[in-house]
Amino acid sequence: MIRTEGLTHRYGDVVAVDDVSLAIDDGECVVLAGANGSGKTTLVRHFNGLLEPDEGRVEVNGRDVAGDLVAARTVVGMVFQEPRDQLVAATVGADVAFGPENLGLARGEIDRRVEEALAAVNLANRREDRVDELSGGERERVAIAGALAMEPDHLVLDEPFTGLDDPARKSVLDRLRALSASGTGVVIVTHDLRDVLGLADRVLAMADGRVAVDGAPGDVVDSLAGYDIRVPERAEADTRDRSARPPRRC
Ligand SMILES: Nc1ncnc2c1ncn2[C@@H]1O[C@H](COP(=O)(O)OP(=O)(O)OP(=O)(O)O)[C@@H](O)[C@H]1O
């Protein structure tokens, strides 16, 4: 579980995250939405200690993040908005293997993870490709594969679908759905719910650094447009139809 208590983060005079207390369960699929500048990225960067709270605290699996950064970064995997900054190796396979190698895993286990992760982003058989020859969307997929290969308890993806084509997006969504069903917490950060609204257990919407909306998609969909969050009409209708049914995982 990821838990924040009274979390506040300031950049100078700007209060980017303002007294946020929330808990995200294992296996829960959360869509974190909000307009540009509402504080989404700043909030999730606290989940694995990339930022330090000005006030409040963050716990992952009951342990204070600031007190054990290595544990937090092993348990919470992140894919950022600029994935090219996350790529570290010359080839696709070496890049995806980098994290599992640092965990000290056996070669066979590393190979299994790399193969599964690359298949999940439609890059199977591309292990030997050079990273510097990939398109932007392909690099994004490598970054997602790298996070998947770590098999973290929680996976946080910040605007993960921006550069992905339809088959890749569908493949990643299928993988996230399967991960969530098997107990991995998934947090998808976005200001556009078109791909993900129908998959979430819960939608959080931020405004001015605070959590303004928190609920099941069917319960909150009507209030989202007021926070500059894109909700397509068909998704609204689909979500309302589903709200009568039991919640599903991502
Ligand atoms: N490194 C920084 N230095 C100063 N101010 C920052 C920094 N990063 C973010 N901010 C400010 O903090 C506020 C929240 O930004 P943040 O990036 O967390 O929002 P966001 O909801 O993720 O936005 P977006 O959807 O545009 O990525 C904004 O006012 C932003 O200008």
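Check the entry above for the structure.
Parameters at a glance
Residues numbered from 1 in each chain as written. Predicted model: local features only at pLDDT ≥ 70, side-chain atom pairs only at ≥ 80, totals over all residues. Near = placed C-beta within 6 Å. Helix = DSSP H or I, 4+ residues; strand = E, 2+ residues; numbered from the N terminus. Nonpolar A, V, L, I, M, F, W, Y, C, P; charged D, E, K, R; others polar. Buried ≥ 20, exposed ≤ 12 C-beta atoms within 10 Å, placed from the backbone. Pairing = 2+ DSSP bridges. Core = buried A, V, L, I, M, F, W, Y, C linked by C-beta atoms within 7 Å. Contact = placed C-beta atoms within 7 Å. Expected span 1.5 Å × (residues − 1). Axes fitted to C-alpha atoms, helices over the stretch in contact; angles between N-to-C directions.

1. Section: the site of the ligand
Near the ligand the following residues occur: Tyr11, Val14, Ala16, Gly34, Asn36, Gly37, Ser38, Gly39, Lys40, Thr41, Thr42 and His191. Those elements that provide at least two residues to the shell around the ligand are strand 2 (14–24) and helix 1 (40–45). Per element, the largest residue contribution to the shell around the ligand is three residues, and it comes from helix 1. Of the residues belonging to the shell around the ligand, the class tally is three nonpolar, eight polar and one charged.

2. Considerations on the environment of Ala143
Examined against the element boundaries, Ala143 turns out to sit in helix 5 (residues 136–149). Using a count of 24 C-beta atoms within 10 Å as the deciding quantity, one classes Ala143 as buried. Put simply, Ala143 and Val92 are 51 residues apart on the chain and 9.4 Å apart in space, counted from C-alpha to C-alpha.

3. What about the sheet that holds strand 5 (residues 63–64)?
On the basis of which strands lie adjacent, the open sheet formed by four strands has the order 2-1-4-5 and antiparallel pairing. Each having just a single partner strand, strand 2 and strand 5 make up the two edges of the open sheet.

4. Considering the nonpolar core
Within soluble globular proteins, side chains that are nonpolar tend to cluster in buried spots. Counting 70 residues, the largest nonpolar core has Val31, Leu32 and Ala145 as its most contacted members. Take this core: its biggest share by element is seven residues, from helix 5. Discounting residues that sit within four places of it in the chain, Val31 has contacts with Ile188, Thr190, Leu193, Val196, Leu197, Ala200 and Val203.

5. Here's the deal with helix 6 (residues 166–181)
With 16 residues, helix 6 ought to run about 22 Å at 1.5 Å a step, and its terminal C-alpha atoms sit 22 Å apart, in line with that. Where helix 6 is buried, its residues touch strand 3 (29–34), helix 4 (107–120), helix 5, strand 7 (154–158) and strand 8 (185–190). After helix 6 finishes, the residue Gly183 shows a positive phi value of roughly 110°.

6. Some details on the sheet that holds strand 3
Spatial ordering of the open sheet is given by 6-7-8-3-9-10, a layout of six strands whose pairing is mixed. Each edge of the open sheet carries a strand with a single partner, namely strand 6 (76–79) and strand 10 (210–215). When strand polarity is set aside, the average angle formed by the axes of neighbouring strands in this sheet is 20°. Running at roughly 135° to strand 10, helix 7 (residues 217–224) makes contact with strand 3, strand 9 (202–207) and strand 10 of the sheet.

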